[in-house]
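Coordinate analysis (summary)
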Amino acid sequence: MNENLYELIRSRFPEDGSKPFLQVTIGENLLYGELENETSRIAGFLRSLNVRKGERVAVQIDKSTNAVVLYLACLRVGAIYLPLNTAYTANEVSYFLENTEPQLVVCRPETVVQIEPVAKKAGVAHILTMSAEGHGSFTDQASGAQADSYVEQMQADDLAAILYTSGTTGRSKGAMLTHKNLSSNALSLHRIWGWQEGDVLLHALPIFHVHGLFVALHCALLNGSMVLFQRGFKPEMILKLLPQATVMMGVPTFYTRLLDTAGFSREVCSNIRLFISGSAPLLVDTFNSFETRTGHRILERYGMSEAGMITSNPLDGDRAPGTVGYPLPDVQVRTSEQGVLEITGPNVFKGYWRMPEKTAEEFSPDGWFITGDLCEITDEGRVSIVGRSKDLIISGGYNIYPREIENEIDLLDGVVESAVIGVYHPDFGETVVAVVVTTDIASTSEAKVIAGLDGKLARFKLPRRVFLVDELPRNAMGKVGKAILREQHDGLFR
Ligand code: MCA
Ligand code: AMP
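One structure accompanies this document, and this report is about it. (Residues numbered from 1 in each chain as written. Chains lettered and ligands numbered in written order. Predicted model: local features only at pLDDT ≥ 70, side-chain atom pairs only at ≥ 80, totals over all residues. Heavy atoms only, no water.)

A separate point is the site of ligand 1. Looking at ligand 1, there are 24 residues lining it, with R257, S279, R301, S395 and R459 nearest. In the environment of ligand 1, an oxygen atom lies 2.8 Å from a nitrogen or oxygen atom belonging to the side chain of R257. Here a nitrogen atom of ligand 1 sits 2.6 Å away from a polar atom, N or O, in the side chain of S395. In the complex, 73% of the free accessible area of ligand 1, which totals 1,000 Å², lies under the protein chains. (Near = heavy atom within 4 Å. Polar contact = N/O pair within 3.5 Å; in protein donor to acceptor, adjacent residues only side chain to side chain. Areas by Shrake-Rupley, 256 points an atom, 1.4 Å probe, with all protein chains shown as cover.)

Now for the nonpolar core. Among the nonpolar cores identified, the biggest contains 155 residues, and L70 and F138 are the most heavily contacted of them. For F138, the residues in contact, after removing those within four places along its chain, are I42, F45, L46, L70, L104, V106, L128, T129 and M130. Membership of the second largest hydrophobic core comes to 9 residues, among which are A419, I421, V437 and L472. (Core = buried A, V, L, I, M, F, W, Y, C linked by side-chain atoms within 4.5 Å. Buried < 20%, exposed > 50% of the residue type's maximum accessible area, 1.4 Å probe, protein only. Contact = heavy atoms within 4.5 Å.)

Time to look at the site of ligand 2. Not every one of the 15 residues close to ligand 2 is listed here, only the nearest: R301, S305, D373, K390 and N399. At a separation of 2.6 Å, an oxygen atom of ligand 2 approaches a polar side-chain atom of K390. Taking N399, its side chain carries an N or O atom lying 2.7 Å from an oxygen atom of ligand 2. Notes on ligand 2: free accessible area 500 Å², of which the protein chains cover 92%.

Before going further, it helps to examine the packing of aromatic side chains. Scanning all chains against the criterion turns up 21 aromatic pairs. Judged by centre distance (5.5 Å) and plane angle (45°), the ring pair of F264 and F290 falls under tilted. Taken as a pair, F264 in the loop between α10 (252-259) and β12 (274-277) and F290 in helix α11 (residues 284-294) lie far apart in primary sequence, 26 residues in all. With relative accessibility at 3%, the residue F264 sits in the buried group. The class of F290 is buried, set by a relative accessible area of 0%. Site record: aromatic cluster; members linked through ring pairs are Y6, F13, F21 and Y32. Sitting above the plane of the F229 ring, K63 keeps its charged end 4.7 Å from the centroid. (Phe/Tyr/Trp six-rings, centres within 6.5 Å; stacked < 30°, edge-to-face > 60°. Helix = DSSP H or I, 4+ residues; strand = E, 2+ residues; numbered from the N terminus. Lys NZ or Arg CZ within 6 Å of the ring centre and 35° of its normal.)

This part covers the side chain of N347. The residue N347 is located in the loop between β17 (340-344) and β18 (351-352) in this model. Judged by relative accessible area, which is 2%, N347 ranks as buried. Here the side chain of N347 touches M309 through a polar contact of 3.2 Å, landing on its backbone oxygen.

Turning next to helix α14 (residues 446-453). Of all the positions in α14, only V449, G452 and L453 are classed as buried. The buried side chains of α14 occupy one side of the element, clustering within an arc of 95° when seen end-on. In this structure, α14 carries A447, K448 and A451 as exposed residues pointing more than 90 degrees from its buried face. For α14, the secondary structure elements touched by its buried residues are α13 (402-410) and β25 (465-469). After α14 finishes, the residue G455 shows a positive phi value of roughly 90°. (Arc of directions from axis to C-beta.)

Moving on, we come to the pairing of strand β24 (residues 429-438). Judged by how many residues are buried, β24 sits mostly within the fold: 9 of 10 residues are covered. In this sheet, β24 lies alongside strand β23 (residues 415-425) in antiparallel orientation, the contact comprising 10 bridges. Its bridge partner lying in β24, I421 is registered against V433. Sheet topology note: the β24/β25 ladder contains 5 bridges and is parallel. Counterpart to V433 in the pairing with β25 is R465. In this region the chain leaves β24, passes through α14 and returns to the parallel neighbour β25; the handedness of that crossover is right-handed. (Pairing = 2+ DSSP bridges. Right-handed = clockwise from strand over helix to strand, strands pointing away.)

Here is the structure:
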């Protein structure tokens, strides 16, 4: 049997090829009937570039129909897809390329000047471009390519993708996801969320993370559903599209922004069957306000790049606010003595790319993956995420690792040391604040610290506020008291 995820996806294409897959507001739509030919053509092009089974393809491109075709074509040829946040600077991208040595990099035309030198340094053979409209040197060169309909024979544990998640030391780790990881999770989610004939997905998430790329697109593809494909979350546009959709997935910021939008009402949502939230904690307040306004109880689920989706509130049954529901049918969960959630199942990744020691550290001796999330599990098996043992900030669904920012701040002139914390933020859930010890309060300033980071780190990681201090609070062991700092700055954005 061929375990290639593309085979599973293809087996679900609707018989009627004129059914739309991706429907966009600007540009050309993509029909289900076009997917097979389009992905064959791109597969032929990839093979002509020597992108073969096991080769990496790194992409840092905007959301477009052509970007989705490229992803599916990578699956077809057995290449390992490496999606990168478009906000990453060339400095950040350089590490990913050196670490994975891709055969092909596809980037945006406007950043090729910065990406090309770092890609060349990493030994990348081909550097091509694709714009937000799906045009560029990749599309041009692929236009005349010979289609190749062969779907690479893959084993269950062959790699389909690498998703980078930052480590506590500030060095990113590439989570290796197999075809089986992705297919098992997609099948479970398709079933437990009750995907049905006629479902239409409203998709406004980025497609460089698990949520938008795998959870959302795979469910829709397995259902042969139409996807209203939007670049960016623009509430006014979402309001226009909601009456045509039956399912929407989003991070909590989507829901708080909708609640802040005039005209967002029960009527606008009357066609919706299911609102799903994840990637960050959904506040009980948001859940309740949303129910009052629309009558919908948002279904919250919980996952990680390393494991796709892990738990979900039930479709039928009580969606309890402040909890993330029950483990997926093929996933098992338990708590360690320290209260950390550990998991096992076919969704759990194969390890971190070229980091066997890091991989070993994050699995228990009996092979369960240690998530780093603190949890409580009721006798009936309902899970709540109550904190994190890892030092991590989640801002608008993006993970930000304080250590990475501290490392950069500490390199700035006049800085002795720094502590980066996450504080409550009404829009992003949490936001970044830096507390910096300086040798020279007179010549260092908040603006200088932020300017010093610009260009080195993606802009969503930049501190919203910087406080200059003489020293950091420390406990008896000399460890920085981040809890104290968080408490001191808790009210900043309230
Ligand atoms: C954008 N900005 C941000 C964020 N996004 N700052 C902090 N946190 C953010 N999340 C900054 C930009 O740098 C820019 O700043 C300014 O906001 C405007 O940028 P724009 O792109 O226009 O922002 P936006 O449209 O308002 O975007 C906010 C957003 C977006 C819609 C919440 O961040 C988003 O789509 N988030 C979803 C992330 C996601 O898909 N996560 C799933 C990860 P400046 O002007 O200074 O440059 S997968 C995962 O976590 C697991 C597996 C799971 O369970 O799903
Ligand atoms: P990522 O590394 O982007 O895959 O993010 C995974 C992390 O996001 C998890 O380890 C959790 O800390 C967090 N997360 C995802 N979904 C939820 C949720 N529903 N509630 C709380 N935290 C969540």
